Amino acid sequence: MRRLTTGLALGAALATIVAGTTSASAVGAPSAGTPASSPSAVAAGSDHAALGLAAAEKLVPRSVITDKDGTTHTRYDRTWNGLRVVGGDLVVEKSAMGALEEVRYNAGRKSVAAPSTTPKLAKTAAVATGAERSKASGEKSQGELVVWAGSGSPRLAYDVVTTGVKADQTPSRLHTIVDASTGAVVSSWDEIVNGTGNSMYSGTVTLNTTQSGSSWLLKDSHGNYTTDLNGSTSSTAAGTQFTNADNVWGDGTASNRQTAAVDAEYGAEKTYDYYTNVLGRAGIWNDGRGARSRVHYGNAYVNAFWDGTQMTYGDGTSNTHPLTSIDVAAHEMSHGVTENTAGLAYTGDAGGLNEATSDIFGTAVEFYANSSADPGDYLIGEKININGNGTPLRYMDKPSKDGASQDCWTTGTKNLDPHYSSGPLNHWFFLASEGSGAKTVNGVSYNSPTCNGSTVTGAGRSNIEKVWYRTLATKLTSTSNYAAAREGAIASAKELFPSNAAVCTAVESAFSAISVPAGAQSCGGTTTPPPTSGNLLQNAGFESGATVWTGTAGPITNNTGRPARTGSWKLWLGGNGTTGTETEQQTVTIPSTATAATLSFWVRIDTAETTSTAYDTMKAQVVVGGTTTTLATYSNANKNSSYVQKSFNLLPYKGKAVTVKFTATEDSSLQTSFVVDDTAVSVG
């Protein structure tokens with residue numbers, strides 16, 4: 001469940017990898033995939049063998065997508081020794097003849113083997129940790145022993161789910177991942193994110209209602225229907241089905257309870273139609289089912305949310321501006337689509353991609369509806385006056401106009417709230433669709449800059465919508481980042497529009513224009529990856545602080561005493577001038593299919609030692625199966641005033657779990673500082 005920020009709970013994702021759902025997904029036109037079918041256990045067994053997975057690891061089928069040419073994209077979750085693996089999802093792509101074409105492992109994690117399945121931490125302690133982090137009232141917590149594979153090395157953990165209601169009336173279903181050995185919090189996210197009718201925002205609209213006896217139900221033939229919560233804040237209440245004797249609903253004012261229902265139902269119906277008619281997807285679950293919309297939630301609730309099964313809307317400030325405009329309704333419903341395709345986690349880069357996806361399809365549906373009362377635009381929530389001054393919630397041409405969102409991707413984007421880390425992808429969508437510079441669309445003026453000073457020529461919104469949907473449905477996994485989004489979108493553009501190079505060029509140049517670095521994919525083919533392309537290490541530049549890496553407390557720091565190479569965080573080993581040893585390490589698995597594998601890092605060494613005798617040392621090491629190999633040893637004799645890059649071949653370890661380890665030892669006098677930054681294990 002996600003919130004729209006400052007009001008709209010636009011979101012919901014990760015329920016797929018949290019709850020292990022098996023919802024269906026499909027890819028859209030052109031070359032739209034057929035409606036999804038359930039992957040069989042036979043197929044899972046065949047893929048398990050083809051991927052060479054360990055016997056203790058099982059594939060849990062989630063969905064399958066079949067393209068017109070017979071290519072299949074099968075999504076799986078995984079278990080390890082019977083434990084659910086959170087963040088272990090993957091996508092297997094096969095040709096029509098059944099040949100394995102590509103495998104996309106979430107977080108590059110082929111192996112999800114945890115060192116142990118016996119916890120050192122009691123479940124009660126983990127549950128207490130989760131409950132302590134919750135800000136909700138009436139909270140209830142439960143914990144499940146799982147394997148965490150969403151970041152860092154796979155490890156035994158507890159998934160603690162704490163439910164309740166926040167102070168602003170938003171329901172909460174907080175997940176806290178607690179390391180089952182150390183008790184440390186590894187990750188955390190909240191699931192809750194958001195006839196003839198006279199609507200408040202879209203004018204007079206036609207609704208697909210259902211006759212029941214002598215009255216009418218606000219329910220269409222697909223099962224999209226709307227209920228009245230009458231101020232309830234219950235997350236489970238169904239509400240009262242709206243009925244009407246003459247099939248004329250609402251009067252366009254907030255004082256009429258049916259008006260908000262008209263907007264919500266209209267938004268749900270148009271969003272369903274858009275996904276079906278434009279993208280070839282039969283609703284949120286791609287199985288023809290509609291969804292419930294609940295209106296009049298809480299009292300003056302300035303928000304809306306998707307909770308994994310339904311959309312819910314508050315009535316806004318003073319209960320006069322229900323959050324039911326069509327772009328908001330489509331935004332919330334699209335969180336359901338994301339949940340049932342890529343399952344993007346609502347944290348880090350993935351959280352921004354999740355939130356932007358709902359903005360993108362909220363915008364797409366607004367254009368699709370083509371209402372003269374609410375013409376399509378690249379503004380989010382412009383009708384609901386959530387800021388109280390007539391300004392929209394977000395701007396896609398220049399996201400920073402909202403005062404908090406980013407225009408350009410940076411290594412720090414992942415640290416922002418998803419409503420603001422969504423800015424770069426929203427910006428990409430505008431640039432790829434319309435191009436850079438000043439222009440007017442549907443009477444609205446825009447002026448979209450680029451982050452690299454380039455000029456981008458748009459390829460048309462309808463083309464870019466399809467590219468992004470295919471990326472979401474067939475390329476991304478639960479913790480995908482902006483680099484993966486670039487790679488997936490370029491590949492999708494080439495697959496969907498093989499004879500229209502302008503689409504791929506717009507996709508690629510727009511990602512460059514928001515400062516996402518080039519990777520292996522390009523519109524001209526596949527290029528040699530740059531040093532950090534396909535980086536298997538997580539928190540590789542240490543900008544997330546002391547997370548993922550394990551070892552001595554303190555060396556991962558943003559202390560200004562030594563400069564970072566990029567950003568502000570680095571790994572600062574030594575520098576104490578006292579006898580001691582410090583280490584930091586992280587485990588990755590080198591794919592068995594790798595043709596190249598390289599460990600690289602940048603190191604800066606300064607010292608107070610005055611001779612060339614090696615008093616203080618730092619070793620770059622790899623540990624495989626209990627055997628430690630030292631790749632290089634540096635000492636005070638190797639001092640350098642600027643960063644120098646070091647690289648080592650790891651290809652001999654392909655198919656194996658490798659622990660990358662940095663170990664520094666100082667003697668009792670005169671400090672030596674070994675400062676490491678921008679690490680990478682790159683594979684080809």
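Predicted, not measured: the structure shown is a model, and the values here were computed from it. (Residues numbered from 1 in each chain as written. Predicted model: local features only at pLDDT ≥ 70, side-chain atom pairs only at ≥ 80, totals over all residues. Heavy atoms only, no water.)

Caption draft 1: Fine view of helix α8 (residues 423–434). Under the 1.5 Å per step criterion, the end-to-end length of α8 is 16 Å for twelve residues, consistent within 8% with the ideal 16 Å. Burial analysis of α8 places eleven of its twelve residues in the buried class, which makes it a mostly covered element. Along α8, the residues that are buried comprise Gly-423, Pro-424, Leu-425, Asn-426, His-427, Trp-428, Phe-429, Phe-430, Leu-431, Ala-432 and Ser-433. Phi for Gly-435, located one or two positions after α8, is positive at around 95 degrees. (Helix = DSSP H or I, 4+ residues; strand = E, 2+ residues; numbered from the N terminus. Expected span 1.5 Å × (residues − 1). Buried < 20%, exposed > 50% of the residue type's maximum accessible area, 1.4 Å probe, protein only.)

Caption draft 2: Geometry of the packing of α8 against helix α9 (residues 461–474). At their nearest, the axes of α8 and α9 sit 8 Å apart, and the two run at 135 degrees to each other. Looking at the two axes, α8 sits oblique to α9. As α8 packs across α9, the resulting crossing turns out to be right-handed. Only Arg-461, Ile-464, Glu-465 and Trp-468 of α9 make contact with α8, whose side of the interface consists of Leu-425, Trp-428, Phe-429, Ala-432 and Ser-433. (Axes fitted to C-alpha atoms, helices over the stretch in contact; angles between N-to-C directions. Parallel < 35°, antiparallel > 145°, perpendicular 65-115°, else oblique. Left-handed = near helix turned anticlockwise from the far one by under 90°. Contact = heavy atoms within 4.5 Å.)

Caption draft 3: Main features of the state of the cysteines. Per the stated rule, a full pass over the model turns up two disulfides. Paired by a disulfide, Cys-504 and Cys-523 hold their sulfur atoms 2.2 Å apart. Across the S-S bond of Cys-504 and Cys-523 the torsion is about -100 degrees, and the bridge reads as left-handed. Separated by 19 residues along the polypeptide, Cys-504 in helix α11 (residues 501–513) and Cys-523 in the loop between β25 (521–522) and β26 (525–526) bring together distant segments of the chain. (Disulfide = S-S within 2.5 Å.)

Caption draft 4: Summary view of the packing of aromatic side chains. What the rule picks out here adds up to 23 aromatic pairs. When the centroid spacing of 6.2 Å and the interplanar angle of 55 degrees are considered together, the rings of Tyr-378 and Phe-429 count as tilted. In this pair, Tyr-378 is assigned in the loop between α6 (348–369) and β21 (379–380) and Phe-429 in helix α8, connecting sequence segments 51 residues apart. Across the pair, Phe-429 and Tyr-378 agree in class, each one buried. Note on Phe-601 and Phe-662: the rings are 5.0 Å apart at their centroids and 85 degrees apart in plane angle, and the pair reads as edge-to-face. Of the two residues, Phe-601 is situated in strand β31 (residues 597–607) and Phe-662 in strand β35 (residues 657–666); the sequence distance between them amounts to 61 residues. Take Phe-601 and Phe-662: they sit in the same class, and that class is buried. (Phe/Tyr/Trp six-rings, centres within 6.5 Å; stacked < 30°, edge-to-face > 60°.)

Caption draft 5: Summary view of the sheet that holds strand β10 (residues 196–198). Across the sheet, three strands lie side by side as β11-β10-β17; this open sheet has mixed pairing. Bordering the open sheet on either side are β11 (204–206) and β17 (248–249), each of which pairs with just one other strand. Where β10 lies against β17, two bridges are found, and the strand directions are parallel. Opposite Thr-196, over in β17, you have Val-248 as the bridge partner. This element, helix α4 (residues 257–277), spans β10, β11 and β17 of the sheet and lies at about 50 degrees to β11. (Pairing = 2+ DSSP bridges.)

Caption draft 6: Fine view of the sheet that holds strand β16 (residues 243–244). Across the sheet, three strands lie side by side as β12-β13-β16; this open sheet has antiparallel pairing. Looking at the sheet topology across the chains shown, the edges are occupied by β12 (210–212) and β16. The pairing of strand β13 (residues 215–217) with β16 spans two bridges and is classified as antiparallel. The partner of Trp-216 across the bridge, within β16, is Asn-244.

Caption draft 7: Region of the structure containing the confidence of the model for the chain. Mean pLDDT for the chain: 89, with 92% of residues reaching 70 or above. Note that residues 5–37 has pLDDT below 50 and, in this model, 171 contacts with residues that lie over four places away or in other chains. Low pLDDT, under 50, characterises residues 526–533; the predicted model gives this stretch 18 contacts beyond four residues in sequence or across chains. (pLDDT = per-residue confidence, 0-100.)

Caption draft 8: Highlighting the pattern of salt bridges. Tallied over the full model, the rule gives 22 salt bridges. Two residues, Glu-144 and Arg-84, come together in a salt bridge whose shortest N-O distance is 2.5 Å. Remark: Arg-84 occurs in strand β4 (residues 83–94) and Glu-144 occurs in strand β6 (residues 137–148); sequence separation between them is 60 residues. For Glu-144, a relative accessible area of 32% translates into the label partly exposed. For Arg-84, a relative accessible area of 16% gives the class buried. Here Asp-179 makes a salt bridge to Arg-155, at a shortest N to O gap of 3.7 Å. Of this pair, Asp-179 sits in strand β8 (residues 171–179) while Arg-155 sits in strand β7 (residues 155–165), placing them 24 residues apart in sequence. For Asp-179, a relative accessible area of 8% translates into the label buried. Taken together, the shared-partner salt bridges connect Asp-67, Arg-470, Lys-475 and Glu-495 into one network. (Salt bridge = Lys/Arg side-chain N within 4 Å of Asp/Glu carboxyl O.)

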